[in-house]
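Chain residues, written in single-letter form:
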Amino acid sequence: MEVIKTDCGLCINCCGINAYVEDGKLIKVEGIEDHWLNKGAICPKGERVPEYVYSANRVKTPLKKVDGKFQSVSWDQALQEIGDKLLELKDKYGAKTLATYTGSVGVEHFEMAAFNQRFRGAYGSPNFFNAEGNCFRSRILARQITFGRYPVEEPANADCIILWGRNPDESYFPMGRIIRDAVKAGASLITIDVRRIPISKHGIFMQPRPGTDAAIGQAMIHVIIKEGLYDKEFVEKYCHGFDKLAESVADCTPEWAAKVTGVGAAEIRMISRMFANANAGCIVEGVGGMNQGTNGLQNHRLYSILQAITGNVERPGGWVTCPMIRLADMRLTDKIEGNALGYDEFPVFHQFGKNPPPYGSSSLMCDTMITGNPYPIKAFICSGGNPAVTFADTKRFNAAMKNQDLIVVMDPMMTETANLADYVLPACTCFEETGIGGFPYGISYCEPWIMLRKAVIEPLYESKSIWWIWSELGRKMGYEEYFPWNSDEEVAEHFFSTSGITMQQLKDNPEGLYFGKKEYGYHEKKGFFTASKKVELYSDRMAELGADPIPVHVEPEQSKVSNPELAKEYPEVLNTGARTVEYIDAQMRDTTLRVVRPEPEAEINTATADKYNIFDGELIGIETPRGSIKMRALVTPDILPGVVNVPHGWADANCNVLLDAELLDPVSGYITMRGVACRLVKLS
Ligand SMILES: Nc1nc2c(c(=O)[nH]1)N[C@H]1C(S)=C(S)[C@@H](COP(=O)(O)OP(=O)(O)OC[C@H]3O[C@@H](n4cnc5c(=O)[nH]c(N)nc54)[C@H](O)[C@@H]3O)O[C@H]1N2
Ligand SMILES: Nc1nc2c(c(=O)[nH]1)N[C@H]1C(S)=C(S)[C@@H](COP(=O)(O)OP(=O)(O)OC[C@H]3O[C@@H](n4cnc5c(=O)[nH]c(N)nc54)[C@H](O)[C@@H]3O)O[C@H]1N2
Ligand code: SF4
Ligand SMILES: [Mo]
């Protein structure tokens, strides 16, 4: 039996694994015992990698839809026809008519987003959409606005950790271990979540009303300033706008925040003091709880400010800038015609820095496809995403797809989105291709560590690596000069050619290696990389772009406070998409994990259940002004009364039917997935 050291690319964590292969077949995977991240452990998904790879749901050959039914066709035919159609559409409508899309795996599969962008560049379209248009980017941008860079939390070295809207046991499996180890070593833990999650029992727990976290943040800043607990030296030397910050929170007493959020004023005072007095305070913020609501980006700004005024920046246990590996830039930016969708509507997101993010605002994608405004988008190519299930506002997404002249999906699995396509192209899984492994370590865990991801088996059936699919399509369309590579290794070699690391080094260190050294306190020599060279508590640039220069609490658009009329009909608050460890977004439902978690459940409080006379396990209706779904109720005291928490990614109980693509964070342009008005219906 051969044992191959590689990483698990099933989710952003990229745990180190040993893959056991016999006669070309993947038998099992285990965690690498002494891997710095997962220390031998893997999650239930990781344990099922062989099931995933050999799933009956794999797309085996290229497929073409003829009279509503899929037929197997050759790679040559599929790519030639797709290429011809794309060129025809470009002639008719211009390059902007193509929208390409990459889902969450665009982060853990570096090649996926890179080649997607290269292809749309060769074609000339600005319309690349990515899960990042609704996910991680908002926090990155908030930190860049504040610090000029993206410092990453380092809880392993912290002695006070605030877990804020993040549930690592489900979503960041290795992070759960890191935090528990820190607690064992004496760190105090403060969990702020609308649900009492298991890890919260290790410390203080606070349960705010969904979408009101910014008020807690403001009150904490109020206490820290009023009681003189801030790091005066750091503030004086390195912060811009402290007086304006102090002024902005002058009335934000814990008593005020208690009224807004429902948590106790005494608790807010207590955690403010704990955090400010700690040697190393570290806020670990979620994506789920934080980004995807009315005040998403500004929440992240507040946490950045809390880190800054307590001096917990660029020092062990705080937020620290991790060196980034310099991989070859695949974009063909100079060939792109015009700006991405959202450039004018969401100027902070698109125009803040010198280099705009490569993604368009996905919240505008479907409307543009439906209305043809500001121009027609007629072709949609999706690689590594399943937006038919995961895109907020399913009705709108489906209407947009109906208006496409060409839909292509590249995926290892026959997904719901693939079912809508004209062509489905079989991509291999990350266990069948060699490439970049562990890329997210720097952005999630502050470790400058990289490895070579190894193909542990040959691509199954007729499936191909993602770089090959985009490249071969490009070559069919006359873009061969941009796609000169012939093998996984050549592509990897090209990516690493700018990194200072050689393929030989990567092969000699199959578990990976450090590509740089974390450097604490770089600002002491170089300052911060903002316009003022300081930490921008106040951002002049945000003011210039029409957003609040100092973050403040803004009520969720559909809360009882901001829309009492709507609350009469829809009195409960819906949170969608909380993660469960068994599944990754819409994936893995066809594995034996289905035995562990057979169906989705809507968590509601005992008091909410009483109000509707709902019993635990009963099938109930969940309704919003936009749509309705059915799910079994999970009645629990651990969620706030009046809040309904449903997971995403379930095709038959798709919570995205309930969401409205017009409800947005006005700064980031992200669609609201939390804090939406809903009601429950007893069905039996
Ligand atoms: N209501 C609601 N909706 C949400 C969320 C929420 O919280 N609430 N969360 C949002 C967030 S944060 C995100 S990031 C998105 C995620 O949304 P998606 O990224 O659309 O979700 P996935 O189901 O992970 O889709 C990834 C697809 O990539 C395929 N894939 C895996 N490996 C490979 C590969 O090597 N090559 C190729 N070509 N394909 C591969 C998988 O088979 C799968 O079909 O969902 C969003 N949707
Ligand atoms: N197993 C698994 N892991 C995943 C994923 C997956 O699908 N499955 N998806 C990956 C992706 S794409 C992402 S973006 C990340 C997301 O990772 P997380 O951000 O950790 O995800 P969530 O579980 O959505 O949210 C964490 C917590 O926020 C709480 N919360 C919701 N609203 C609020 C609020 O208003 N205030 C506060 N304080 N808390 C709130 C929820 O109750 C939940 O416990 O996970 C990644 N990891
Ligand atoms: S946490 Fe993610 S990377 Fe780690 S084993 Fe599980 S699925 Fe794989
Ligand atoms: Mo995400």
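Residues numbered from 1 in each chain as written. Chains lettered and ligands numbered in written order. Predicted model: local features only at pLDDT ≥ 70, side-chain atom pairs only at ≥ 80, totals over all residues. Heavy atoms only, no water.

What about the site of ligand 2?
In the neighbourhood of ligand 2, 33 residues make up the surrounding shell, with Ser 171, Asp 193, Asp 213, Tyr 583 and Asp 585 lying closest. A distance of 2.9 Å separates a nitrogen atom of ligand 2 from a polar atom in the backbone of Glu 170. A distance of 3.1 Å separates a nitrogen atom of ligand 2 from a polar atom in the side chain of Asn 575. Contact with the protein chains covers 96% of the free accessible surface of ligand 2, which is 910 Å². Its residues placed into classes, the shell around ligand 2 shows 14 nonpolar, 10 polar and 9 charged. (Near = heavy atom within 4 Å. Polar contact = N/O pair within 3.5 Å; in protein donor to acceptor, adjacent residues only side chain to side chain. Areas by Shrake-Rupley, 256 points an atom, 1.4 Å probe, with all protein chains shown as cover. Nonpolar A, V, L, I, M, F, W, Y, C, P; charged D, E, K, R; others polar.)

What about the site of ligand 3?
For ligand 3, the full set of nearby residues is Cys 8, Leu 10, Cys 11, Asn 13, Cys 14, Cys 15, Ile 42, Cys 43, Lys 45, Gly 46 and Phe 173. Class assignment of the residues belonging to the shell around ligand 3 gives a composition of 8 nonpolar, 2 polar and 1 charged.

Regarding the packing of aromatic side chains
In this structure the tally under the stated criterion is 29 aromatic pairs. The interplanar angle of 40 degrees and the centroid separation of 4.2 Å between the aromatic rings of Trp 164 and Tyr 303 together place this pair among those described as tilted. On the criterion of sequence distance, the pair formed by Trp 164 in strand β9 (residues 160-164) and Tyr 303 in helix α14 (residues 296-309) is long-range, its members being 139 residues apart. For the ring pair Tyr 238 and Phe 528, a centre distance of 6.1 Å and an interplane angle of 80 degrees mean the geometry is edge-to-face. With Tyr 238 in helix α10 (residues 232-238) and Phe 528 in the loop between α24 (522-526) and β21 (535-536), this residue pair connects regions lying 290 residues apart in the sequence. (Phe/Tyr/Trp six-rings, centres within 6.5 Å; stacked < 30°, edge-to-face > 60°. Helix = DSSP H or I, 4+ residues; strand = E, 2+ residues; numbered from the N terminus.)

Points about the pairing of strand β3 (residues 25-31)
Here 6 bridges tie strand β2 (residues 16-22) to β3, and the two strands are oriented antiparallel to one another. Its bridge partner being in β3, Ala 19 is matched across the sheet by Val 29. In this structure, the hairpin formed by β2 and β3 is closed by a connection of 2 residues, where Asp 23 is found at a positive phi of approximately 50 degrees. (Pairing = 2+ DSSP bridges.)

Things to note about helix α21 (residues 466-476)
Counting buried positions along α21 gives 9 out of 11 residues, so the element sits mostly inside the fold. Looking only at α21, the buried set comprises Ile 466, Trp 467, Trp 468, Ile 469, Trp 470, Ser 471, Glu 472, Leu 473 and Gly 474. (Buried < 20%, exposed > 50% of the residue type's maximum accessible area, 1.4 Å probe, protein only.)

Some words on the UniProt feature "domain: 4Fe-4S Mo/W bis-MGD-type" (unreviewed entry) in the chain
Look at the UniProt record and you will see "domain: 4Fe-4S Mo/W bis-MGD-type" (unreviewed entry) annotated at residues 1-57. Helix makes up 16% of residues 1-57 and strand makes up 35%, while its end C-alpha atoms are separated by 27 Å. (UniProt positions renumbered as here; feature names shortened; annotations may be inferred.)

Thoughts on the sheet that holds strand β1 (residues 2-7)
Taken together, the 3 strands give an open sheet; going across it, the order is β1-β2-β3, and neighbouring strands pair in antiparallel fashion. Only two strands of the sheet have a single neighbouring strand rather than two, namely β1 and β3. Strand-to-strand twist across the sheet, computed as the mean angle between neighbouring axes with direction ignored, equals 30 degrees. Across 6 bridges, β1 lies against β2 in antiparallel orientation. Within β2, the position partnered with Thr 6 by the bridge is Ile 17. (Axes fitted to C-alpha atoms, helices over the stretch in contact; angles between N-to-C directions.)

Concerning the packing of helix α6 (residues 137-147) against α14
At a minimum axis separation of 8 Å, α6 and α14 run at an interaxial angle of 45 degrees. Judged by the angle between their axes, α6 and α14 are oblique. Relative to α14, α6 is oriented so that their crossing is right-handed. Of the residues in α14, those touching α6 at Ser 138, Arg 139, Leu 141, Ala 142, Arg 143, Ile 145, Thr 146 and Phe 147 are Gly 296, Leu 297, His 300, Arg 301, Ser 304 and Ala 308. (Parallel < 35°, antiparallel > 145°, perpendicular 65-115°, else oblique. Left-handed = near helix turned anticlockwise from the far one by under 90°. Contact = heavy atoms within 4.5 Å.)

Quick notes on the domain arrangement of the chain
A common way to express how large an interface is: the accessible area buried when the components associate. The assigned domain composition of the chain is domain 1 (2-53), domain 2 (63-135 + 343-514), domain 3 (137-322) and domain 4 (564-682). Centre-to-centre separation of domain 2 and domain 4, based on C-alpha positions: 30 Å. Contact with domain 2, which involves 22 residues of that partner, is made by 24 residues of domain 4. A combined buried area of about 2000 Å² lies between domain 2 and domain 4, and 54% of that area is made up of carbon and sulfur atoms. The interface formed by domain 2 and domain 4 includes 3 salt bridges. One salt bridge in this structure joins Asp 660 and Arg 396, with 3.1 Å as the shortest N-O distance. The interface formed by domain 2 and domain 4 includes 17 residue pairs in polar contact (both at pLDDT 80 or more). Counting residues per element, the ones that place at least two in the side of domain 2 that touches domain 4 are α15 (347-351), α16 (362-371), α17 (387-390) and α18 (394-402). Grouping the constituent residues of the side of domain 2 that touches domain 4 by class yields 9 nonpolar, 7 polar and 6 charged. (Domains from an automatic or database assignment. Buried area = accessible area lost by both parts, 1.4 Å probe. Salt bridge = Lys/Arg side-chain N within 4 Å of Asp/Glu carboxyl O.)

Observations regarding helix α22 (residues 488-496)
Every buried residue belonging to α22 is among Asp 488, Val 491, Ala 492, Phe 495 and Phe 496, and all of these are buried. Buried positions in α22, seen along its axis, are confined to an arc of 130 degrees and lie on one side of it. Elements that come into contact with the buried residues of α22 comprise α5 (110-123), β18 (435-437), β19 (449-453), α21 and α23 (503-508). (Arc of directions from axis to C-beta.)

Topic: the side chain of Ser 668
Counting through the fold element by element, Ser 668 comes out in the loop between β26 (643-646) and β27 (676-682). Residue Ser 668 is classed as buried on the basis of its relative accessible area of 1%. A distance of 3.0 Å separates the side chain of Ser 668 from the side chain of Asp 665, its partner in a polar contact. Polar side-chain contacts of Ser 668 include one of 3.1 Å to the backbone nitrogen of Tyr 670. Ser 668 has contacts with Ser 138, Leu 297, Phe 346 and Phe 349, leaving out every residue within four places of it along the chain.

Looking at the sheet that holds β9
Spatially, β11-β10-β9-β13 is the arrangement adopted by the 4 strands of the open sheet, whose pairing is parallel. Looking along the sheet, the strands with just one partner apiece sit at the ends: β11 (204-206) and β13 (281-285). For this sheet, the mean inter-axis angle between neighbouring strands, taken without regard to orientation, is 15 degrees. Alignment of β9 against β13, held across 5 bridges, turns out to be parallel. Residue Ile 161 lies in a different strand from β13, and its bridge partner there is Cys 282. Sheet contacts for helix α9 (residues 213-226): β9 and β10 (188-192); angle to β9, the most-contacted strand, approximately 155 degrees. Strand contacts of α14: β9 and β13, with the helix running at about 165 degrees to β13, the strand carrying the most contacts.

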